[in-house]
Every structure is written in structure tokens, then in C-alpha cells.
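Summary of the model geometry
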Amino acid sequence: MILLEAVALVGKTLARDGDPIEDLVLPLPKPPRVDKQYLVRLNFLTAGTKPELSADLVEIDPAVLSRYRWVGNNVGNRPQFFLTTDKLEYLVGQALPNLQAALQGMGRQETGFYQKIALLVETYFSTLPDGSPVLDPEKIGLAGKDFLQNTWDGASGKPRERAKKVIQAVAGELKRHLLAGLDLKVPQVGLWSVLLDGEVLAADPSYAEVVVQSKEGAAAKGSKKSVPGVCSVCGLEKSSVTFDLSGLDFLKYYITDKIGFASGVSEEGFTRTFLICPGCLRALLLAEKYARQHLGLRAGPVNFLVLPSFLIEPEISRADLEAWAAKLRARVGALSSLAGWLESLGGRGGLENELEDFLEELPYDNLALLNFLFYQKSQSEFRVLALVKDVAPSRIAHLLRHSYRVATKGEALLGADRAWWLDLTRIYRLIPISEGRRGVEHKKLLYIYEALLGQRPVSYHFLVEQFVALAAIYHTGGFAGTNIHPPAPGYEELEMGHHMLQANLLLMFLREEQLLEGGMSLSGSPELEGLNKAVQDYLREMKYGEPATALFLLGYLMNQIGRKQAEAGYKQKPVLEKINYAGMLWGKVVQLSNIVFNQLRQYDILRYNEGLFAIMKRLLDAHRRDWPLSPQENVFYILSGYAYATRAAIRAKEESENSEIASE
């Protein structure tokens, strides 16, 4: 209920200074490979001796969308009656007769607008055998005699299915005749609208009244589902409230509208549960539309909306709200994917100052909390995946600053790379998701998102399992059916190593946020004397204990062997085949350390790595009687050492090349 009240407040702020229809006008999605979209004006002419239909076009822009009142189509089984639509089948079928009926229901039969709609239906439409109205192309000379009857007779199925096929055939005839004359192809047509003798009917004020009432639905006064009562959102007693909220989209999810929850298990029982007045319903509709257009974002494959909830009603104008929401969206968008924000800077000079300017406190931050609604949308279903409530705007700024600090540490430890910046999209690429089970698998990803935003703990062991599963995909090439995109051939190992280092940074990030549940004890850091300073710095920053350090060094040594195997001509390094990506028990780790020792001797590189091997062996032996790490952790830390060694070699090569360039 609190969420609905908060969202309604946003909608009421938007409605204060707005045209009721203008606020409902929608943008039009552009299909791929279409540069320009057009609205085709169907101009019905009645002044001549016989009915005619002509057509012309206008290029679609925001002004056209507003003038022709593009507010979308009704969803589900709700009747279609809009005069501007992206589906010609609605205009040649039910829209105009339904609009006439709606005007009758409102008692508007005496208006000039009603007379025009009635004239169109009477002059241009016929009735099919099942009673369905349809535009008759024969009346305007676009089809031969008995076109409707012949099409009906040639259709199969139940009457409703046959009527649908006839309507589709009529729409097809109009497209064939009219678009040829306009030199247009079907994908270029974004919208269709109705004119009468050159007059844009959608611009008529009476039409606006119908549209607004339709959006208010059963809450409108005089509706059969409207009763006097107290609105559950604003708490005021109203002459007209309703329980029918079928016009809402995603907010409907938070209202119990199943008959089993109604008092007396009847529709009338909802009058004693949840009721809403026309003003609050319109506010929710406006807020839904605004959120979808201006506060909708994406992290990996997951869509989400940011719904602000004001703690007290602010004295804020529509313009101020829109400006605040735009800055909020930019900030949350950066958390979702930092790549775009970083690219906009054009360079790395003064990055910290740029970030601080970007995160400067917004005017209403201390008055609002944010609700993150993660969802999946299909044509007929809005499926809520998760809702993270009551996130302070300062939390977003905090996470971005922390990501910057971790990226700075990453650069110091691993070399310059923007991949060390952690955001929601990069986290998505660390968590393998089976494409065929996305509804279930997305829970793994949302578990982490909810933890970051809502400051809840994340299981360390869960994350390690995910990282090892990710490495297995790269090693086996099992990319098909997952969210992990295959790299260019030959770069699998390099890409895997990159992700293992990102995984380590994510663990550091969560540990510093005090969100990491379980895992290594941070006490008793290992004695690292004998290792070079860069390795020591990395291990200390990552809080590696002795067992993890031993495995890290084992992986580092395996990398030295792998480099020699590559020099010997191996495309797939045999040393990596010694790792069991399903997990390795302690005994298998011991066997692997023995194999590594023998291969260091075989490739004649033991003399260069003897000290490193001795440190690794000492740390392994110190815990042999009570090995604390799981089979998955064993694999993860071995791979982490392997990845670090790969990165160190690349960094050394880059620094050497830069040194050579500088000395020339």
C-alpha cells in the first residue's frame, strides 16, 4: 500500500500542470533498419456522390504523436476504440463501433463528435454473419462485389475466428491499395489515424474525454463498478471509487484482485478490501507511464524500474520533478553500466573530480526513498521478478564511489583496465545463467542485486561456486544456452583469467561493504617473505589466508608451466587439464602439487621457481591435517593465481614496450 501511495504522489505531481491526454501520449518504438516512420491518415470523404477513402502520410515526431493522441492500445480482452493505433485491424474492425458505444454510455449522443462517429459507422461499415462490424472495402471501391461474404465463406473455424480472418483480409486490402499509392512499405508505417472530410478526429475534445474516462476505467462516476466509498490510496471519502484496476500495468501486481481474496468470494466483496478513486487511479496511470519512459533501465538481460517514494509530500513542480528524475536515472544508469558514463568523459584526467560532480547531492534526495522493481515483460504479461524497497538515493552514490575505489586498487595491483570498475552489468557477466531456465536462473543474479541495493548478506560459497562454473564454461567451450558470450577463438583462457580477477575484486568489494557471509577468516595473514612486492600487495589487499595463498601460488606456478607448453606448440595447454572444474578435494590438490613440481623440472624452470614452490609447499603442509577450504574454493584460488600470473606477464610486456618507446 505504501508503494502505491508513493507512486500516486509522483503521478499527482505530474498531473498538476499537464494536459490530461498529453500525459498519456506514448513514444513509438522504432523497428530495426527503418530510418523514418510515418502515420498514415485515413481520410473518409462524405461530400461527394458516393463514399470515398483517401490516404496521405506525415512523418512521425513528438508533435505528431501528441496531435493524433497516440496512447497505445488496450491490453488483453478490453475493447479497442482508439482513433490512432499501430494496428489497422482495429480501425477496420471494432474501434469505431466501440467508440460509438462508449459515447452512448457516457450520454454524449447529442454531441457533434458522436454524430461524426455514427456517420462513419453507418456509411462505411457492414455487419458479418456473427454480428461483428467491419469496414466494407466494396463501399469505397477497393474490393469487388460480395468481398466480405466471399471471404467469410472461405474462412474456416468458429464464427469468432472467421470474423478475425475477414478483418485481417480487409486490412490487407487497404494496405495493398493505399500503401502502393503512397510508395510506402509496411515496416515504414508506424501508426494509422482516422480523419473525416480532412478533420483529425483524435484532436476533438470529446475524444479526449472518452480517452481519460477509459483510463480511469471503472473508477469513473456512473460506471457499473463504481460506488461511493473511501479511497484506499488517498484515504478520502469519494462519491466514486472502484475495485476494478484492470487498466493498470505493473502496479496491478501489488493489488490482490483474485476472486478468492474477496470478501464472500464474490466480485462485490472487493468493495470491502481495496478501492480507488478516479484521481488516484489517473495518478497511478501517469506514474506508470512516466516510470516506463524515464525511470526504466536494464542490467544485463533484466529490466527494472526506479520508483521514488517521497517520505513527505514535497513542494515540487512538475519541471523540478522531471529534472530530478533525469539526474536520478543517470546516476542509477551509471551503477547499471559504467561504460557509457566513462566513455562520456573522453579521458581519465580528473576522474575523481568528475565522479564527485556527478554524485553531487540532488535537491530532494533527503525526502525520497527508491524502490527497484525488476521485471520481465511479454506482450500479455508483466512478471515481477523482485522488488527492493526503501533504498536511499545516497546508497547509489555510495556504491559508485566504492566502485571507483575498488577500480583504483585494481589498477594499482593489476594495471590500468576499465574492467576493474564493477557495476550491475559486469556482475551479470560473472554469474552463469542457463538461457532455457531464465525465470528460475535470474534469481541467482537478483539475489546479488538485492544484496547490494538493500544491504543484505551474500553467501561467499554461493559466489565461489558461480565463479568456478564460469571458468568451466570458458575451459570447455560450453557457451551455448548460457548468458556467457564466447570470445574470439584463442582468447578463451585470457578472457577466463580476466573474469577471475574481476571475481576477486567483487569479493573484495562485498567484504568491504560487510555483505559477505561466510568464507575465509581474515585473521592470521600469511608470512609472504620471499615473494615479490606486487604479489604481496595483491594477496594482502585480497585478504588471502594461508590456504588460499598456497593455492594461489600453485596456480601461479601452473601458469609458468603453461607458458612453456605454449612455446612448445600446444594450442590447449595440458596443465589446465589437470584441474577438475567440478571441484577438487584435498587429496587431488596434493597430487596436483606433485605434478607441478615434476613439470617444473621437465620444462627446466624449477630453478627459476624453486623459492616460490617452497613457499607454496610450506603453506600447504601447514594445513594438511585440517584443510579448511571446499573443493570449489580450491579450484577458484588455483585459477585466481593462474589468472594473476597471466595478467602480470601482460602488464610486464606493456611496461617494457612503454619503456622502449620512451627511450627512443
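Remember, predicted model here, so these are calculated numbers, not experimental data. Per chain, the residues get numbers from 1 upward, laid out in the order the sequence is written. Only residues with pLDDT of at least 70 are given local features in this predicted model, and only at 80 or more are side-chain atom pairs given and counted; all residues enter the totals for whole chains, interfaces and linings. Side-chain metrics rest on all non-hydrogen atoms present in the structure, leaving aside hydrogens and water.

Counting its regular elements, the protein contains 22 helices and 15 strands. Within the span of the protein, comprising 664 residues, buried residues form 51% of the whole. Where accessible areas are quoted, they stem from the Shrake-Rupley method and a 1.4 Å probe; at the residue level, only the protein chains shown are allowed to cover. Within the structure as shown, the protein displays about 31000 Å² of accessible surface, and the carbon and sulfur contribution to it stands at 49%. Each helix is a run of H or I in the DSSP string that is no shorter than four residues. Each strand is a run of E no shorter than two, and both are numbered from the N terminus. Burial classification: accessible surface area is computed with a 1.4 Å probe over protein chains only, and a residue below 20% of its type maximum counts as buried, one above 50% as exposed, and the rest as partly exposed.

Moving on: the packing of helix 20 (residues 586–602) against helix 21 (residues 606–622). Under this scheme, a helix contributes an axis fitted over its contacting stretch, all axes are lines through C-alpha atoms, and angles between N-to-C directions fall in the 0 to 180 degree range. Across the interface, helix 20 lies against helix 21 with an axial gap of 10 Å and an inter-helix angle of 165°. Viewed along their axes, helix 20 and helix 21 adopt a mutual orientation that is roughly antiparallel. Like other packed secondary-structure pairs, helix 20 and helix 21 cross with a definite hand, here left-handed. Contacts between helix 20 and helix 21 involve Trp586, Val589, Ser593, Phe597, Leu600 and Arg601 from the former and Leu606, Asn609, Phe613, Met616 and Leu620 from the latter. In these notes the angle categories are as follows: under 35 degrees is roughly parallel, over 145 is roughly antiparallel, 65 to 115 is roughly perpendicular, and the rest is oblique. Crossing handedness: left-handed means the near helix sits turned counterclockwise from the far one by under a right angle, and right-handed means the same turn made clockwise. By definition in these notes, contact holds between two residues if any of their heavy atoms fall within 4.5 Å.

Right, let's talk about the pattern of salt bridges for a bit. A side chain with one charge may pair with a side chain of the opposite charge, provided their charged atoms come close. Criterion for a salt bridge: a side-chain nitrogen of Lys or Arg within 4 Å of a carboxyl oxygen of Asp or Glu. The final tally for this structure, using the stated rule, is 16 salt bridges. Between Asp604 and Arg607 there is a salt bridge, with its nearest N and O atoms 3.0 Å apart. Using a relative accessible area of 42% as the deciding quantity, one classes Asp604 as partly exposed. Given a relative accessible area of 57%, Arg607 falls into the exposed group. Each of Lys409, Glu512 and Glu541 takes part in one network of salt bridges that share partners.

Here we come to empty space enclosed by the protein. Only protein atoms enter the 1 Å grid used here, on which a cavity is any set of points holding a 1.4 Å probe that cannot leave and a pocket is any open set flanked by protein within 12 Å on both sides along at least five of seven lines; residues with an atom within 4 Å of a point are listed as lining. Grid points are joined across faces, edges and corners, and a volume is the space filled by probe spheres set on the points. Applying the stated criterion across every chain, the model contains five cavities of 30 Å³ or more. Computed from the structure, the largest cavity encloses a volume of approximately 80 Å³. If you trace the largest cavity, you find it lined by Leu335, Leu399, Ser403, Leu422, Asp423, Leu424, Ile427, Leu452, Leu453 and Phe509. Secondary structure elements with two or more residues in the lining of the largest cavity: helix 13 (393–414), helix 14 (424–428) and helix 15 (438–454). A per-class count over the lining of the largest cavity returns eight nonpolar, one polar and one charged. Roughly 60 Å³ of volume is contained in the second largest cavity. Side-chain classes follow a simple rule in which Ala, Val, Leu, Ile, Met, Phe, Trp, Tyr, Cys and Pro form the nonpolar group, Asp, Glu, Lys and Arg form the charged group, and the remainder, Gly included, forms the polar group.

Here, a strand pair is defined by DSSP locating no fewer than two bridges between the strands. Strand order in the open sheet made by the four strands is 10-11-12-13, with antiparallel pairing throughout. Two strands bound the open sheet, and with one partner strand each, they are strand 10 (296–299) and strand 13 (382–391). Sheet twist, expressed as the mean angle between neighbouring strand axes with direction ignored, is 30°. Strand direction decides the pairing type here: strand 12 (residues 368–377) and strand 13, joined by seven bridges, are antiparallel. Residue pairing in the sheet places Phe374 in a bridge with Ala386 of strand 13. Lying over the sheet, helix 13 contacts strand 12 and strand 13, oriented at roughly 75° with respect to strand 12.

A few words now on helix 7 (residues 159–182). Every helix has an expected span of 1.5 Å times one less than the residues it contains. End to end, helix 7 covers 34 Å across 24 residues, agreeing with the expected 34 Å (1.5 Å per residue, within 8%). Taken together, the buried positions of helix 7 are Arg162, Ala163, Val166, Ile167, Val170, Ala171, Glu173, Leu174, Leu178, Leu179 and Leu182. In this structure, the buried side of helix 7 is in contact with strand 1 (38–45), strand 2 (52–59), helix 3 (88–92), strand 5 (133–135), helix 6 (147–154) and strand 6 (189–196). Looking one or two residues beyond helix 7, the residue adopting positive phi is Asp183, at roughly 55°.

Now for the environment of Phe374. Relative to the assigned elements, Phe374 resides in strand 12. Taking the C-alpha atoms as reference points, Phe374 and Glu450, separated by 76 residues in sequence, lie 9.9 Å from one another. If we ignore the near neighbours within four places in the chain, the residues touching Phe374 are Val302, Asn303, Phe304, Arg383, Val384, Leu385, Ala386, Val388, Leu446, Tyr449 and Leu453.

What follows is about the packing of helix 13 against helix 17 (residues 492–512). Closest axis-to-axis distance for the helix 13/helix 17 pair is 10 Å, and the angle between their directions is 135°. In this view, helix 13 runs oblique relative to helix 17, as classed from their interaxial angle. Of the two elements, helix 13 crosses helix 17, and the hand of that crossing is right-handed. Taking contact as the criterion, the partners of Leu399, His402, Ser403, Val406, Lys409, Gly410 and Leu414 in helix 13 are, on helix 17, Leu501, Leu505, Met508, Phe509 and Glu512. Here the residues of the contact of helix 13 with helix 17 are counted per class, giving seven nonpolar, three polar and two charged.

Notably, Gln455 is not glycine yet its phi reads approximately 55°, a positive angle. Tracing the backbone shows Gln455 in the loop between helix 15 and strand 14 (458–459). Accessibility expressed as a relative area gives 53% for Gln455, which makes it exposed.

Put simply, buried Ala, Val, Leu, Ile, Met, Phe, Trp, Tyr and Cys residues joined by side-chain atoms within 4.5 Å make one nonpolar core. By size, the foremost hydrophobic cluster in this structure holds 128 residues, and its most contacted members are Phe372, Phe374, Phe467 and Tyr538. Contacts of Phe372, omitting those with residues within four sequence positions, involve Phe304, Leu305, Val306, Val332, Ala386, Leu387, Val388, Val391, Ile396 and Leu453. Membership of the second largest hydrophobic core comes to 70 residues, among which are Ile21, Val40, Leu83 and Leu96.

Moving on, we come to the environment of Lys573. By the secondary structure assignment, Lys573 is in the loop between helix 19 (546–567) and helix 20. The exposure class assigned to Lys573 is buried, which follows from its relative accessible area of 16%. Taking the C-alpha atoms as reference points, Lys573 and Gly562, separated by 11 residues in sequence, lie 5.7 Å from one another.

Our next topic: the state of the cysteines. Two cysteine sulfurs form a disulfide in these notes if their separation is within 2.5 Å. In this structure the tally under the stated criterion is zero disulfides. Free cysteine: Cys234, not disulfide-bonded; nearest cysteine sulfur from Cys231 at 3.6 Å. Residue Cys234 is classed as partly exposed on the basis of its relative accessible area, which comes to 27%. Cys280 forms no disulfide, and the closest cysteine sulfur to it belongs to Cys277, at a distance of 3.6 Å. Judged by relative accessible area, which is 1%, Cys280 ranks as buried.

With that settled, consider the confidence of the model for the protein. In this model, the protein carries a mean pLDDT of 85, and residues with pLDDT of at least 70 account for 87%. Predictor confidence is given residue by residue as pLDDT, running from a minimum of 0 to a maximum of 100. Across residues 256–266, where pLDDT falls below 50, the model places 15 contacts with residues more than four positions away in sequence or in other chains. Scored below 50 in pLDDT, residues 660–664 makes zero contacts in the model with residues more than four places away or belonging to other chains.

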